[in-house]
Every structure is written in structure tokens, then in C-alpha cells.
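Single-letter residue listing:
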Amino acid sequence: MKVYKAHIIYTPRREEFHVLENGYVAVGRDGRVVCVGSSLEALGCPDAEVLDFGNRLLIPAMNDVHVHAAQYHNQGIAMDLELLPWLQNYTFPEESKFSDSSYAELIYRRFVENMKRVGTMRAVVFATIHTEGTRRLMNIFREAGMGALVGKVAMNRNCPDSLQEGVADYVSGMEQLVAESTEPDALVRPIVTPRFIPSCTPEMLRACSEVARRYNLPVQSHLSENLSEIELVRQLEPESQGYGDAYRRYGLFGDTPTVMAHCVWSDEAERRLIRDGGVMVAHCPTSNFNVASGMAPIRTYLDEGISVGLGSDISGGHDLSIFRMMVYAIQVSKMHYQRSNHEQPFLSLSEAFWMATKSGGSFFGKVGSFEEGYDFDALVIDDANLFPADYNILQRLERFIYVGDDRNIVHRFCRGKEVCLAE
Ligand code: GUN
Ligand code: FE
């Protein structure tokens, strides 16, 4: 067992922070939290050896529930189009390059290193259609000791030939990746990833559902992000009641754990399907701004009992930091607060933090909190350059979230093991 001492902050409930000033957390050999307490006696191990982080903050690590590793090279460029032309003009040409596995290796190594740097220890990731590139991305995450659900992307229509793959080849590629990921409770696993309805024929969507069911794999995709996209789906799926219903009819809406990115425009009926299917919404505020999609009504989702995590959605989003996603999520909710004549309360910091940690983390298992049995995924924050002496512990956390950066993150842990930056 290992015991760490620091100012410990986490959110067992979304309404409030739990703060242990000069607290202790005990972590078992399996990398899981045994207990937290305000003294070694309270932990029941008075003789334990303690690693003391002193005046630093110890918080759960970040979880990014929607990000495209293969769009890393486009991060921060190509902000002048809405979703559908943006995909055709910028995104698909970049993803086509991943047929070259050495290019994939180069970009994916940079991507994973930066994800590590910003304190994200778990991610739900889109790769591309290419099996070898996807395999390399999974191996890079494994090497780093980080957690990831990695999606070989299914696409067979409405995109360049170079980004289309036949259904049989898609299934066989997935079967290879599944066969290579048999370790129980592995940190890195495949996820079924139909890009979105416009990219997949009905046959492909059925194959995705079959692969998810047969190998008990989670599912990720995009939902109700942009109005032109929604109109296109209506034309492609005239028999469905809506976009979410189309996924549901193909068995891709909560049949296994499912996360859907964006949900900017989901109406009441779709929100009911999301809630009843236990589907997680990946809220990606910077992407929604950049691709001019709209503002997802996250307060409504939380009030309705829908589970929500935060996503960076590189490269629709320009910022890989989930700390910054908390800030943007709060700011979007303040726009809704104004538009609702102050009827819809905006998100609190604890709610945003909870979405980034315990709520988003729930997609990976018991991740995102320091309650007993949770994986010890943690960050140690040294905010000395932010003049901490003038502030209480929660003000220090808030200030770090708003104005700190990755240089303040001095240790990273994923399931109990320290994750180190490359030299
Ligand atoms: N919808 C389908 N593909 C994508 C993508 O790559 N990014 C975003 N933001 N939305 C999508
Ligand atoms: Fe996306």
C-alpha cells in the first residue's frame, strides 16, 4: 500500500467539493483507492510510509470523453467552415494520410504526449479507418500507461474513396484489434465507432451493432451537432423518428455503454431516448463554438438525469485541456442563463469538475473520484507561481483551472502508477 499526503479535492457528488486540507489517501497494490482521511490514524495505518506532496493540491485526473487523435495536426487551424464542408475540406484529407502507418505513428505519439501533459489520463478516442494506425495508437497509450477506448472508425459513404472501407474489412479489422486486447480489465480497449449516420450505410451500422454485441464493446459516435447534419440524417433515415432514434433502430444507442458527442440540438424525444438508453453525452464546448454548431443545453441534461462528460473534440475543438473545457462549459451555461431570463441556473465549478472527473470517468469504470475502490487516477498540482498563500484551497483550485496550465501539473497517476512525461 502507498499513502500520499496533500490538499485533497474531489467531487463525490456534483453539488459540492470534498476537501481534505493536509489529507491522506491510501492506494492499494492494485492501484485502487483504499481510503481517504485526515490523519494516518483515521486511515487505520499509523505506521504507513507517506509520500508527502506538501502544500500541493491532489485531484482526480482528467477524462476526455470525445477526441480525434488523427486530427491533431489540424488543431488550431481551419476554423472557417461549418461541420459538413469542414469535414470534406479539412478533416477527411488529413485523416486519409493515416494510411501511412509511419505518419500515424508520428502524429499519435505527439498527440498522446500532449494529452499526458495536460493531465488527461483517460480518453475516448477516434482514430481513423486504418487498422494498423489504430493498433499503433493503442500501443502508444499502453506504453504510456494511460487509459483509452480507441475507435477504428467505420465509414463507407459520403467521403473520399481513400476513407471508405468495406463492411467485411471493417469487421475483420475490429476482430484483429479485439483479439489483441484480451487482458481482463485492460486500460486500453477498442470501441465501436461508426463516425456518424451520414458516413455509414445501413449495412455498416448493422455490422457495428453486431460487433459491439458479439464482443461486448462500448460504442461512440456523433449526435445532433449541427442543423445541416440533422437535415441530412432526416433525408437518409426517413423511417426514423429522429437522429438518436436512427442509432437506436440499428442497436447503437445504449445496447452496450454508449457515448454520443455534442447533442447540441436534441429535442425532448431524443433526450428521453438518451436518458432511457443510459447514453452519455460528451459536451465539447470549444468545438461547438469553432464549427459554429450552437450551444448544448447542459443544465437541461443534468436536470433530466442524463449523464454528461467533457470532450476536447480536437480538431473541431482547439484546446486539449479538460480544465479549459470546464471553463468553457460554465461560460456556455451562462449564455443559457441569460437567454432563459435567469431561469436556468448556470453550472457551478463543482458541477463542471464533476463532469470532468467522476461523471466522465464513469465511462471507464470506477474512475474520477477518490472514493473507496476507485482507480487512483490523480494529478498533483503545484500552484506556487499563482501566489497560493492569499487563497483558500478551493480558490486555489479555481484559479489553477482558470489561469494555470500544464506546467503546474507535477505528477500524474493512472490506476496507481505514475505516468511520466517523455524526456
Ligand atoms: N461529425 C462527424 N465527424 C466529425 C468530426 O470529425 N468532428 C466533429 N466535430 N463532428 C463530426
Ligand atoms: Fe468529434
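The following paragraphs examine the structure supplied in this document. Note that this is a predicted model, so its numbers are computed, not measured.

Conventions and cut-offs
Residues numbered from 1 in each chain as written. Chains lettered and ligands numbered in written order. Predicted model: local features only at pLDDT ≥ 70, side-chain atom pairs only at ≥ 80, totals over all residues. Heavy atoms only, no water. Helix = DSSP H or I, 4+ residues; strand = E, 2+ residues; numbered from the N terminus. Buried < 20%, exposed > 50% of the residue type's maximum accessible area, 1.4 Å probe, protein only. Lys, Arg positive; Asp, Glu negative; His and termini not counted. Charge placed at Lys NZ, Arg CZ, Asp CG, Glu CD. Axes fitted to C-alpha atoms, helices over the stretch in contact; angles between N-to-C directions. Parallel < 35°, antiparallel > 145°, perpendicular 65-115°, else oblique. Left-handed = near helix turned anticlockwise from the far one by under 90°. Contact = heavy atoms within 4.5 Å. Nonpolar A, V, L, I, M, F, W, Y, C, P; charged D, E, K, R; others polar. Pairing = 2+ DSSP bridges. Near = heavy atom within 4 Å. Polar contact = N/O pair within 3.5 Å; in protein donor to acceptor, adjacent residues only side chain to side chain. Areas by Shrake-Rupley, 256 points an atom, 1.4 Å probe, with all protein chains shown as cover. Donors = N, O, S within 2.8 Å, 3.2 Å for Na, K, Ca; no water. Tetrahedral: all angles 85-135°; square planar, octahedral: opposite > 155°, others 65-115°. Salt bridge = Lys/Arg side-chain N within 4 Å of Asp/Glu carboxyl O. Arc of directions from axis to C-beta.

## A closer look at the overall build of the protein chain
Then step 1. A count of helices and strands for the protein chain gives 14 helices and 17 strands.
Then step 2. Reported as C-alpha extents along the three principal axes, the dimensions of the protein chain are approximately 65 × 55 × 35 Å.
Then step 3. Expressed as a percentage of its 423 residues, the buried residues of the protein chain come to 60%.
Then step 4. Counting 41 positive and 56 negative side-chain charges, the protein chain places the centres of these two groups 2 Å from one another.

## Concerning the packing of helix α12 (residues 322–339) against helix α13 (residues 349–361)
Then step 1. The interhelical angle for the contact between α12 and α13, taken along N-to-C directions, is 135°, at an axis separation of 9 Å. Judged by the angle between their axes, α12 and α13 are oblique. Our pair here, α12 against α13, has a crossing hand that is right-handed. Taken together, the residues of α13 that come into contact with α12 (itself represented by I322, M326, A329 and I330) are L349, A352, F353, M355 and A356.
Then step 2. Of the residues belonging to the contact of α12 with α13, the class tally is nine nonpolar, no polar and no charged.

## Details of the pairing of strand β15 (residues 378–381)
Then step 1. Burial along β15 is two-sided: the residues A378 and V380 and L379 and I381 are all buried.
Then step 2. Where strand β4 (residues 50–60) lies against β15, four bridges are found, and the strand directions are antiparallel. Each residue of the ladder has a partner; that of L58, found in β15, is V380.
Then step 3. Examined bridge by bridge, β15 and strand β16 (residues 409–414) share four bridges and lie antiparallel to one another. Within the sheet, the bridge partner assigned to A378 lies in β16 and is F413.

## Here's the deal with the site of ligand 1
Then step 1. The environment of ligand 1 is formed by H68, Q71, L83, W86, L87, R195, F196, H222, E225, H262, S287 and D313.
Then step 2. The side chain of R195 places a nitrogen or oxygen atom 2.7 Å from an oxygen atom of ligand 1.
Then step 3. In the model, a nitrogen atom of ligand 1 is placed 2.8 Å from a nitrogen or oxygen of the D313 side chain.
Then step 4. With the chains in place, 100% of the 280 Å² that ligand 1 exposes on its own is no longer accessible.
Then step 5. Tallied by class, the residues present in the shell around ligand 1 amount to four nonpolar, five polar and three charged.

## Thoughts on the coordination of the iron ion (ligand 2)
Then step 1. Protein coordination at the iron ion (ligand 2): the donors are H66 (NE2), H68 (NE2), H222 (NE2) and D313 (OD), at 2.0 to 2.3 Å from the metal.
Then step 2. Note that the iron ion (ligand 2) binds four donor atoms; their angles at the metal cover 87 to 176°, and the shape is irregular.
Then step 3. Sequence positions of the donors to the iron ion (ligand 2) reduce to the motif H-x1-H-x153-H-x90-D. One end of the pair, H222, is in strand β11 (residues 219–223); the other, D313, is in the loop between β14 (308–310) and α12, and 91 residues separate them in sequence.
Then step 4. On the accessibility criterion, H222 (7% relative accessible area) is buried.
Then step 5. Residue classification places D313 among the buried positions, given a relative accessible area of 4%.

## Some details on the sheet that holds β4
Then step 1. Pairing is mixed across the open sheet formed by seven strands, whose spatial order is β3-β2-β1-β4-β15-β16-β17. Edge strands, defined here as strands with exactly one partner in the open sheet, are β3 (33–37) and β17 (417–418).

## Overview of the pattern of salt bridges
Then step 1. Following the criterion strictly, the structure yields 33 salt bridges and no others.
Then step 2. Linking D276 and R275 is a salt bridge whose minimum nitrogen-to-oxygen distance equals 3.3 Å.
Then step 3. Close ionic contact of D375 with R415 constitutes a salt bridge, the shortest N to O distance being 2.8 Å. One end of the pair, D375, is in the loop between α13 and β15; the other, R415, is in the loop between β16 and β17, and 40 residues separate them in sequence.
Then step 4. A single network of salt bridges, built from pairs that share partners, joins E105, R109, E132, R135, R136, E143 and E180.

## Concerning helix α9 (residues 268–276)
Then step 1. Of all the positions in α9, only E270, R271 and I274 are classed as buried. Mapping the buried residues of α9 onto a view down its axis gives an arc of 100°, with all of them on the same face. When the buried face of α9 is taken as reference, the exposed residues oriented beyond 90 degrees from it are E268 and D276.
Then step 2. Packed against the buried residues of α9 are β11, α8 (243–249), β13 (280–283) and α11 (298–303).
Then step 3. G278, located one to two residues past α9, shows a positive phi value of around 65°.

## So, the sheet that holds β11
Then step 1. The strand order across the open sheet built from four strands is β11-β12-β13-β14, with neighbouring strands paired in parallel fashion. In this open sheet, the two strands that pair with only one neighbour each are β11 and β14. Each strand of the sheet is rotated relative to its neighbour by a mean of 30°, with strand direction disregarded.
Then step 2. Along the sheet face, α13 touches β13 and β14 and points at about 105° away from the line of β14.

## Notes on the side chain of T134
Then step 1. By the element assignment, T134 lies in helix α4 (residues 131–144).
Then step 2. Residue contacts for T134: discarding those within four places in its chain leaves A127, T128, V150, G151, K152 and L177.

## Quick notes on the packing of helix α3 (residues 101–117) against α4
Then step 1. Between α3 and α4, the shortest axis-to-axis distance is 9 Å and the interhelical angle comes to 35°. With respect to the hand of their crossing, α3 and α4 are arranged in right-handed fashion. Residue-level inspection shows S101, S102, A104, E105, Y108, R109, F111, V112, M115 and K116 of α3 in contact with α4, the latter providing E132, G133, R136, L137, I140, F141, E143 and A144.
Then step 2. Looking at the contact of α3 with α4 residue by residue, the classes come out as nine nonpolar, three polar and six charged.

Nothing here speaks to function; it is all geometry.
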